[in-house]
Amino acid sequence: MKLRHFFQLTAILAASLAPLHGEGFLIKDARIITVSGSAIERGSVLVVDGRISAVGENVSAPSGVREIDARGLTVYPGLFDANTRLGLTEIGAVAMSNDFRELGDYTPHLMAFSALHSDSELIPVSRADGVTHVLSRPTGGVIAGQAAVISLDGWVPEEMEIKRHGAMILNFPGLLSMRAGWPVPRGAQRLHSEVREEHDEKVLQLKELLARARHYASNRAAGLAPLDRQLEGLIPVVERTQVVLIEADSHVDIRNAVAFAEEEDLLYAILGASDAWRVADFLKERGARVILGPRQSLPAREDDPIDIIYRTPAILHEKGVPFAISTANASDVRTLAFQVGNAVAYGLPWEAGLRSVTLTPAEILGLADQVGSVEVGRKANLVVADGDLFEYQTSIRYLFINGNPVSLESKHTRLYERYLNRP
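Source: prediction; values computed, not measured.

## Observations concerning unusual backbone geometry
Working step 1: Of note in the backbone geometry, Asp-49 takes a positive phi value of approximately 55 degrees without being a glycine.
Working step 2: Considering the arrangement of structural elements, one finds Asp-49 in the loop between β2 (40-48) and β3 (51-56).
Working step 3: For Arg-240, which is not glycine, the phi torsion reads 60 degrees and is therefore positive.
Working step 4: The topology assignment puts Arg-240 in the loop between α5 (229-238) and β12 (244-248).

## Some thoughts on the nonpolar core
Working step 1: Counting residues in each nonpolar core, the largest one holds 85 residues, and the members touching the most others are Ile-246, Ile-270, Leu-283, Val-290 and Leu-316.
Working step 2: It is helix α4 (residues 192-221) that contributes the most residues to this core, seven residues altogether.
Working step 3: In this structure, Val-290 is in contact with Ile-270, Ala-273, Leu-283, Leu-316, Val-321, Pro-322, Phe-323, Ala-324 and Ile-364, ignoring residues within four places of it in sequence.
Working step 4: Of all hydrophobic cores here, the second largest spans 20 residues; its members include Ala-144, Val-149, Ala-324 and Leu-367.

## Quick look at the pairing of strand β8 (residues 143-151)
Side-chain positions along a regular strand alternate between the two faces of the sheet.
Working step 1: Burial analysis of β8 places nine of its nine residues in the buried class, which makes it a mostly covered element.
Working step 2: The sheet contact formed by strand β7 (residues 131-136) and β8 spans four bridges and is antiparallel. What sits directly across from His-133, in β8, is Ser-151.
Working step 3: The pairing of β8 with strand β9 (residues 161-171) spans six bridges and is antiparallel. Paired with Ala-147 across the strands is Ala-167, a residue of β9.

## Considerations on the side chain of Arg-289
Working step 1: Mapped onto the elements, Arg-289 comes out in the loop between α7 (280-286) and β14 (290-292).
Working step 2: Buried and unpaired, Arg-289 has Glu-363 as its nearest opposite-charge partner, separated by 7.3 Å.
Working step 3: Polar contacts involving the side chain of Arg-289 include one to the main-chain carbonyl oxygen of Tyr-268, which spans 3.3 Å.
Working step 4: Contacts of Arg-289, omitting those with residues within four sequence positions, involve Leu-267, Tyr-268, Ala-269, Ile-270, Pro-322, Glu-363 and Ile-364.

## Quick word on the packing of aromatic side chains
Working step 1: This structure, assessed with the given rule, holds seven aromatic pairs.
Working step 2: Aromatic pair Phe-172 and Phe-260: ring centres 5.6 Å apart, planes at 55 degrees, arrangement tilted. Here Phe-260 lies in helix α6 (residues 251-263) and Phe-172 lies in the loop between β9 and β10 (176-177), a separation of 88 residues in the sequence. Judged on exposure class, the residue Phe-172 and its partner Phe-260 are both buried.
Working step 3: Put simply, the rings of Phe-25, Tyr-398 and Phe-400 touch in pairs and so form one group of aromatic residues.
Working step 4: Over the aromatic face of Phe-282 sits the side chain of Arg-255, whose NZ or CZ is 4.6 Å from the ring centroid.

## Topic: the sheet that holds β12
Working step 1: Reading across the sheet, the eight strands line up as β6-β7-β8-β9-β12-β13-β14-β15 and stay open at both edges, with mixed pairing between neighbours. A strand with exactly one partner marks an edge of an open sheet, and here the two such strands are β6 (79-84) and β15 (323-325). Taken pair by pair, the neighbouring strands of this sheet meet at an average axis angle of 25 degrees, ignoring direction.
Working step 2: Bridge count for β9 against β12 is four bridges, and the pairing is parallel. Its bridge partner being in β12, Met-168 is matched across the sheet by Val-244.

## Describing the environment of Ser-114
Working step 1: By the element assignment, Ser-114 lies in the loop between β6 and α2 (122-127).
Working step 2: C-alpha separation for the pair Ser-114 and Glu-158, spaced 44 residues apart in sequence, amounts to 9.7 Å.
Working step 3: A polar side-chain atom of Ser-114 sits 2.8 Å from the main-chain carbonyl oxygen of Met-111.

## Digging into the pattern of salt bridges
Working step 1: Summed over the entire model, instances satisfying the criterion amount to 25 salt bridges.
Working step 2: Put simply, Glu-264 and Lys-207 hold a salt bridge, and the shortest N to O gap is 3.2 Å. Of this pair, Glu-264 sits in the loop between α6 and β13 (268-272) while Lys-207 sits in helix α4, and the two are 57 residues apart along the sequence.
Working step 3: On the basis of relative accessibility, which here comes to 10%, the residue Glu-264 falls in the buried class.
Working step 4: By sharing partners, the salt bridges in this structure join Lys-207, Arg-214, Glu-263 and Glu-264 into a single network.

Calculation rules
Residues numbered from 1 in each chain as written. Predicted model: local features only at pLDDT ≥ 70, side-chain atom pairs only at ≥ 80, totals over all residues. Heavy atoms only, no water. Helix = DSSP H or I, 4+ residues; strand = E, 2+ residues; numbered from the N terminus. Core = buried A, V, L, I, M, F, W, Y, C linked by side-chain atoms within 4.5 Å. Buried < 20%, exposed > 50% of the residue type's maximum accessible area, 1.4 Å probe, protein only. Contact = heavy atoms within 4.5 Å. Pairing = 2+ DSSP bridges. Lys, Arg positive; Asp, Glu negative; His and termini not counted. Salt bridge = Lys/Arg side-chain N within 4 Å of Asp/Glu carboxyl O. Polar contact = N/O pair within 3.5 Å; in protein donor to acceptor, adjacent residues only side chain to side chain. Phe/Tyr/Trp six-rings, centres within 6.5 Å; stacked < 30°, edge-to-face > 60°. Lys NZ or Arg CZ within 6 Å of the ring centre and 35° of its normal. Axes fitted to C-alpha atoms, helices over the stretch in contact; angles between N-to-C directions.

Purely geometric stuff here, so don't read any function into it on its own.
The following block contains the structure:
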């Protein structure tokens, strides 16, 4: 985070905003970026009971509501990182601090929400750069389990919850690996026929499991089936009430994943999608939605354009493919705004960049009525800054989560202050 935040804002928040907990307040005379509509050049946002009660140019504070003078400042919806392990990991090299993966290839009944560590030091570091809510996901196996959508403030997970059954994570059986530097057939030392055989077998197992889940859901509704935790976890998937995030990176695997999702009639989005730029027309044609992985890495192939990681969001935007940008790693959530800034520098319109980390991920996950925009009825997850959120020089002046002011102090600022005053 930007360490000057600590000196500029901790005293302000402590002295002037602490009384706002549990009360309403009015952010007045600010520039308001609503995301869902036009910007309001000088307006106010009224927050009551943790939600936005009014937005506009002529909003006044009811009796007893505190006012925050925001002249010269800009109000944004809080940023949404829709692909993280935040709260599930602390120190990668310390196994006891990691709880994002379980044994078994098919664990749809397992929930990231039950493993969240609300006191993670990575949470305040992340929110100090404007991220107010995230999707925290399990990994491993074929069906890894259920990701949770949480706000980044709360004593316990229940206080952080936006949606504990946020999405099902499916690691699609791939034919082409993107993780060894550039694409090679999975199991490169084996014959292609062996790789294809393993792929086909895993896809068949997936189809059979979903068929069993549909049969179980029908019998369960009629009271004819005993409880089966594994199949119970898949009922929202087969009934299309839960989004399935299908992880696929190569252009081959993206095409296969989309075909699989359509055949199984899933409510889905493609996760990771390193090769999305290669199949943008296909994604548009199929109406697919994408949650891109981090924008701070090298190209997957040695002959790919050197800037393709930065340009991919602009390519998807130009083709009309709905997409979000995410960071994937818990320790990188704090860089979300700057990753979007890089994409904007490489051709992505600024408004589309902001939408990719606010309203679009909320729409993909079915949460647009709760977060992602500065609109009446939405959670008051708000960022008030003195400039463009994607510029490193910008300082965040106030941060609100569920209508409560949140300190911008973190382990980073504490260590900075400690060593600044070193004798």
